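Here is what each chain is made of, one letter per residue.
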Amino acid sequence: MLLLAVLSTSRLAHAQWEPEKPLYTNNGFYGIAAAGSRVHLIWGKDPLQYSLSSDEGVNFGAPVTLESSGELHPTGPIVAQGSDIYVVFFRYVKTATDWCCPRDLGDLYLRRSQDGGTTWQPEQRLTTSGSAFRYDLAASGSNVHLVWADYRSSDWEIYYLQSSDNGANWASEVKLVANPTKAVEMGRPQIASQGNNLHVTWEDSRDFGASCFTIPNCPEIYYKRSTDGGASWGSDVRITYDGAGGSFRPSIAAPGLSTVIIGFQSNRDGGTRSEQQVVRSIDNGGTWGSIQRMTSTAGDSEHDNLVASGSTAHLSWSEDSVDRTSHTVHYRGTWDEGAMWAPDETVSQPIGGTWSIIADLGVSTSFVHALWTDDLNMLRYARRPSGDAGAAGAGGAGGAPSNGGGGSATGGAGGVGGAGGANAQGGSSTGGGG
């Protein structure tokens, strides 16, 4: 009887997602954000396209060209908070080669709407270095925050910009994370915000650990925070100690009043495949608990995305077959700030193609929304109720301790707050990608 109950719960959880539907052809990256009953989509490259749903994803309007030139990075290009919508996009300036490969670098620009996506303000240029790369965006109240990786010094560093008037004006940029040791990898920054409390995470190879994959030094996950709206920042805090296992592609969200959750992929459990992991702080990022393994699959589980709204948090990732010929989007949710996570739910199937990958998430009044692409260059969409009906808590998938042995990662500045609705009604947190 117990086995039957568990299986029934699992099946019910898997049934939460409505059937996926194709939306538009797509030649670039994409993003989704939601607030109230409105769901906002952005996608494409030269041009950038926008579409709005006013009924929580039942119907989407005809695409509108937002910009004739520009492209997106797959980590947080759009945030919605009430009637304020922010889109940050990228324009190519030059190519530079780092440890990996040639990278297209450029400058970041903003488009914003103050009426829920009906009309849009003229574009604003936010950076001038010509060396910006991956970025992430957050908003809370009238405050808007932007972090990005920058290669202007021929080494990766992380910069920060903030606006206190809904994006109309921006303060001077701040070098948030310096790279004096010339670490080969310092990038993929992600940010979550609520009021004056900001949380940032990124991957960093400053510890010069063993090589993994094609990276000369495996990166670890780092974190820092601000309690005064970005006026000052605490110290860099190392979250993982995974060595040759490597930790990559972090995402971050801040559900509730004092909880912060970081998601990432890692080989820390041994073997050659990546699994999804999360680590949680319940004191505003002051100390961190044990790392919890969220997946256990034969193939890789990668390209995670983590968002929050109220006391809920929502994690998506791409699950690869062993031979990497097919990929599907998966999801787990928590309704108690990460104390327990519901079972794995399959979001997508390789309909008409062989894979679907890199889902972005948004949370509206009643639904969680997912947007991804397939190998036929089709943008695809699905939604599920944002409540936890039928998704009984199931914990992790064999949680592993942090710090390589059982302690908790600690450190940081003064207390950081915040509920941060990621891509929802306050705050932002998107991850993975690319």
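Scroll up to find the structure this text is about.
Only a predicted model underlies this, so the values are computations on that prediction, with no experimental measurement involved.

Draft legend 1. Quick look at unusual backbone geometry. In the segment running from Asp46 into Pro47, the intervening peptide bond is cis, with an omega of 20 degrees. Within the secondary structure, Pro47 is located in the loop between strand E3 (38–44) and strand E4 (48–53). A positive phi angle, near 65 degrees, is found at Ser154, a position not held by glycine. A relative accessible area of 48% places Ser154 in the partly exposed class.

Draft legend 2. How the structure looks around the nonpolar core. Of all hydrophobic cores here, the largest spans 32 residues; its most connected members are Ile42, Val88, Leu108, Tyr135, Leu146 and Trp148. Top contributing element to this core by residue count: strand E7 (residues 84–97), with six residues. Ignoring anything within four residues of it in the chain, the contact list for Ile42 reads Phe29, Tyr30, Gly31, Leu48, Gln49, Tyr50, Leu66, Leu72, Pro77, Ile78 and Val87. Formed by 27 residues, the second largest nonpolar core is a distinct cluster that contains Val329, Val363, Ala370 and Ala382.

Draft legend 3. Fine view of the packing of aromatic side chains. This model, assessed by the stated rule, comprises eleven aromatic pairs. Judged by centre distance (5.0 Å) and plane angle (75 degrees), the ring pair of Tyr223 and Trp288 falls under edge-to-face. Residue Tyr223 is located in strand E16 (residues 220–226), and its partner Trp288 is located in the loop between strand E20 (275–281) and strand E21 (292–293); the two are separated by 65 residues in the primary sequence. For Tyr223, a relative accessible area of 0% gives the class buried. Cluster of aromatic residues (ring-pair linked, three or more members): Phe133, Tyr151 and Trp156. Against the face of Tyr241 rests Arg238, its NZ or CZ located 4.0 Å from the ring centre.

Draft legend 4. Quick look at the pattern of salt bridges. If you walk through the whole model with that rule in mind, you get 23 salt bridges. With its nearest N and O atoms 2.6 Å apart, the salt bridge here joins Arg152 to Glu173. Taken together, the residues span a long stretch of sequence, with Arg152 in the loop between strand E11 (143–150) and strand E12 (157–163) and Glu173 in the loop between E12 and strand E13 (174–177) at a distance of 21 residues. Judged by relative accessible area, which is 33%, Arg152 ranks as partly exposed. The class for Glu173 is partly exposed, based on a relative accessible area of 31%.

Draft legend 5. Highlighting the layout of surface pockets. The calculated volume of the largest pocket comes to roughly 350 Å³. What lines the largest pocket is a set of 18 residues, and nearest its centre among them are Arg188, Phe213, Ile215, Phe248 and Arg249. Grouping the amino acids of the lining of the largest pocket by side-chain chemistry returns five nonpolar, four polar and nine charged. Its volume calculated, the second largest pocket comes out at about 210 Å³. Forming the boundary of the second largest pocket are 16 residues, of which Asn26, Asn27, Gly28, Phe29 and Tyr30 lie nearest the centre. Elements with a contribution of two residues or more to the lining of the second largest pocket: strand E26 (356–363) and strand E27 (367–374). Here the residues of the lining of the second largest pocket are counted per class, giving six nonpolar, seven polar and three charged.

Criteria and cut-off values
Residues numbered from 1 in each chain as written. Predicted model: local features only at pLDDT ≥ 70, side-chain atom pairs only at ≥ 80, totals over all residues. Heavy atoms only, no water. Helix = DSSP H or I, 4+ residues; strand = E, 2+ residues; numbered from the N terminus. Buried < 20%, exposed > 50% of the residue type's maximum accessible area, 1.4 Å probe, protein only. Core = buried A, V, L, I, M, F, W, Y, C linked by side-chain atoms within 4.5 Å. Contact = heavy atoms within 4.5 Å. Phe/Tyr/Trp six-rings, centres within 6.5 Å; stacked < 30°, edge-to-face > 60°. Lys NZ or Arg CZ within 6 Å of the ring centre and 35° of its normal. Salt bridge = Lys/Arg side-chain N within 4 Å of Asp/Glu carboxyl O. 1 Å grid on protein atoms, 1.4 Å probe; cavity = no way out; pocket = protein on both sides within 12 Å on 5 of 7 lines; lining within 4 Å. Points joined across faces, edges and corners; volume = space filled by probe spheres on them. Nonpolar A, V, L, I, M, F, W, Y, C, P; charged D, E, K, R; others polar.

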